Amino acid sequence: MAETRNHLSPADGIWSLRRLPDMDEAQFNQWQTLLEHRTGITLPSGRKSFLETNLGIRMREIGCSSYQAYYEQIVSGPDAIMEWSTLVDRLTVQETRFFRDPDAFQLVSDYVLTRPREALKKRPLEAWSVGCSTGEEPYTLAMLLNECMEGLSLQPLYGVTGSDISKPAINKAQSGLFSARKLIGMDEAMKARYFRPAERNNVEIVKSIRERVCFTRLNVLDLKHAPMHGMNIIFCQNLLIYFRRWRRREIVKRLAERLAPGGLLVLGQGELTDWQPPGLQRVPSEHVLAWIKRQTDEE
């Protein structure tokens, strides 16, 4: 259904809803091309209503009544960069939560707990959450690594980086504040240990964990310029589904280049099928899609 916008009827003085014109195929193709060119994200024809709805909401906010006029504003308007950033945030930020994929996080825990103790003493573990949205995933990784280090009776030598294309999402993540509902289903002992009550029914990540996590804005199309190198763990779930198959492979190749020998790459189930990334060895698991970088590979 096409998005509607508020309109004050001069005849009766009450609010009514006026439909925006349906987006025609040429306009949809135009937006598809722009989105893929700038972000790599593909929008199939079945997602046309999703695009219409989200564009319509934003257009209503700024008083724009034409898809074409909004497109021109995004491409060449005086505030094009700022407006594009706002729109990307609306189109890409997904609902997430702490410990979203228990099997994947258990695999990460097993991986850390079986690392040589001497190596864990000498060099900090570096983890990277790609497409981290509002921060639940990188904070989960930090809590998990902290638990592992304590379980091994080692000093907490680790750090986590979260990256995302959305600047508002990154800002939210950096605050360390979350709605209490984000903790639903989470282990009570973990809640008590790593969260503190905050205002307005929010909770706050404890300082010791927040200090271990940093965030940066990053478009995965620019991975070749990413400063992350020698990562022990790269977690990239529920991101590749938005890209074409060939681009998924390119992204995974870039991520693999940033793994340390013996490093772990975790993807979402079904995000990469019938292809073996070069230099990586598949982790035998029925529930998690993951690879280890071969120790013999050169950086």
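- An unreviewed UniProt entry lists the protein under the name protein-glutamate O-methyltransferase, with Marinobacter azerbaijanicus as the source organism.
- Within the UniProt record for the protein, the comment given under Catalytic activity (unreviewed entry) is "L-glutamyl-[protein] + S-adenosyl-L-methionine = [protein]-L-glutamate 5-O-methyl ester + S-adenosyl-L-homocysteine".

Structural notes on unusual backbone geometry
- Unusually for a residue other than glycine, Ser-133 sits at a positive phi of about 55°.
- Position of Ser-133 among the secondary structure elements: in the loop between strand 3 (125-130) and helix 7 (136-151).
- At Asn-238, a residue that is not glycine, the phi angle is positive and equals roughly 60°.
- Take Asn-238: its relative accessible area is 33%, and that puts it in the partly exposed class.

Points about the packing of aromatic side chains
- The full count for this structure, using the stated rule, is eight aromatic pairs.
- Relative to Phe-105, the ring of Phe-99 has its centre 5.7 Å away and its plane inclined at 65°; by these criteria the two rings are edge-to-face.
- A relative accessible area of 4% places Phe-105 in the buried class.
- Aromatic side chains Tyr-139 and Phe-178 sit 5.9 Å apart centroid to centroid with 85° between the ring planes, which places their arrangement in the edge-to-face category. Separated by 39 residues along the polypeptide, Tyr-139 in helix 7 and Phe-178 in strand 5 (residues 177-179) bring together distant segments of the chain.
- By relative accessible area, which is 1% here, Tyr-139 ends up buried.
- In this structure Phe-178 comes out as buried when scored by relative accessible area, which is 1%.
- Between Arg-38 and the ring centre of Trp-84, over which it is positioned, the NZ or CZ distance is 4.7 Å.
- In this arrangement the basic side chain of Arg-47 is found over the ring face of Phe-50, its NZ or CZ atom lying 4.0 Å from the centre.

A short note on empty space enclosed by the protein
- Tallying each qualifying case throughout the model produces one cavity of 30 Å³ or more.
- Quantified by volume, the largest cavity comes out at close to 60 Å³.
- Every residue lining the largest cavity is listed: Thr-96, Arg-97, Arg-100, Asp-101, Phe-105, Glu-137, Phe-235, Gln-237 and Asn-238.

A closer look at the sheet that holds strand 11 (residues 280-282)
- Pairing in this open sheet of seven strands is mixed, and the strands run 8-4-3-9-10-12-11 from one edge to the other. Of all the strands in the sheet, the pair left with one neighbour each is strand 8 (213-217) and strand 11. Direction aside, the axes of adjacent strands within the sheet are offset by 20° on average.
- The pairing of strand 3 with strand 4 (residues 158-164) spans six bridges and is classified as parallel. Within strand 4, the position partnered with Glu-126 by the bridge is Gly-159.
- Along the sheet face, helix 7 touches strand 3, strand 4, strand 8 and strand 9 (231-236) and points at about 170° away from the line of strand 4.

Details of helix 2 (residues 48-62)
- Under the 1.5 Å per step criterion, the end-to-end length of helix 2 is 21 Å for 15 residues, consistent within 8% with the ideal 21 Å.
- Residues of helix 2 that are buried include every one of Lys-48, Leu-51, Glu-52, Asn-54, Leu-55, Gly-56, Arg-58 and Met-59, and no others.
- Where the residues of helix 2 are buried, they touch helix 1 (25-39), helix 3 (67-76) and helix 4 (80-92).
- Downstream of helix 2 by one or two residues, Gly-63 has phi in the positive range, about 75°.

Overview of the nonpolar core
- Grouped together as the largest cluster of nonpolar side chains are 45 residues, with contacts concentrated most on Trp-31, Leu-55, Trp-128, Leu-255, Leu-265 and Leu-267.
- Once residues within four sequence positions are removed from consideration, Leu-265 is found in contact with Ile-234, Val-252, Leu-255, Leu-259, Leu-280, Leu-289, Ala-290 and Trp-291.
- Counting residues in hydrophobic clusters, the runner-up holds 44 residues, among them Cys-132, Tyr-139, Ala-142 and Phe-195.

Description of the environment of Pro-124
- Here Pro-124 is to be found in the loop between helix 6 (117-122) and strand 3.
- Residue Pro-124 is classed as partly exposed on the basis of its relative accessible area, which comes to 35%.
- Between the C-alpha atom of Pro-124 and that of Met-231, which follows or precedes it by 107 residues, the distance is 10.0 Å.
- Setting aside residues up to four positions removed in sequence, Pro-124 forms contacts with Leu-157, Tyr-158 and Asn-232.

Re the sheet that holds strand 5
- Spatial ordering of the open sheet is given by 5-7-6, a layout of three strands whose pairing is antiparallel. With one partner strand each, in any of the chains shown, strand 5 and strand 6 (195-197) form the two edges of the open sheet. With strand direction ignored, the average angle separating the axes of adjacent strands in the sheet is 40°.
- Across three bridges, the pairing between strand 5 and strand 7 (residues 202-205) is antiparallel. Its bridge partner lying in strand 7, Phe-178 is registered against Val-203.

Cut-offs applied
- Residues numbered from 1 in each chain as written.
- Predicted model: local features only at pLDDT ≥ 70, side-chain atom pairs only at ≥ 80, totals over all residues.
- Heavy atoms only, no water.
- UniProt positions renumbered as here; feature names shortened; annotations may be inferred.
- Helix = DSSP H or I, 4+ residues; strand = E, 2+ residues; numbered from the N terminus.
- Buried < 20%, exposed > 50% of the residue type's maximum accessible area, 1.4 Å probe, protein only.
- Phe/Tyr/Trp six-rings, centres within 6.5 Å; stacked < 30°, edge-to-face > 60°.
- Lys NZ or Arg CZ within 6 Å of the ring centre and 35° of its normal.
- 1 Å grid on protein atoms, 1.4 Å probe; cavity = no way out; pocket = protein on both sides within 12 Å on 5 of 7 lines; lining within 4 Å.
- Points joined across faces, edges and corners; volume = space filled by probe spheres on them.
- Pairing = 2+ DSSP bridges.
- Axes fitted to C-alpha atoms, helices over the stretch in contact; angles between N-to-C directions.
- Contact = heavy atoms within 4.5 Å.
- Expected span 1.5 Å × (residues − 1).
- Core = buried A, V, L, I, M, F, W, Y, C linked by side-chain atoms within 4.5 Å.

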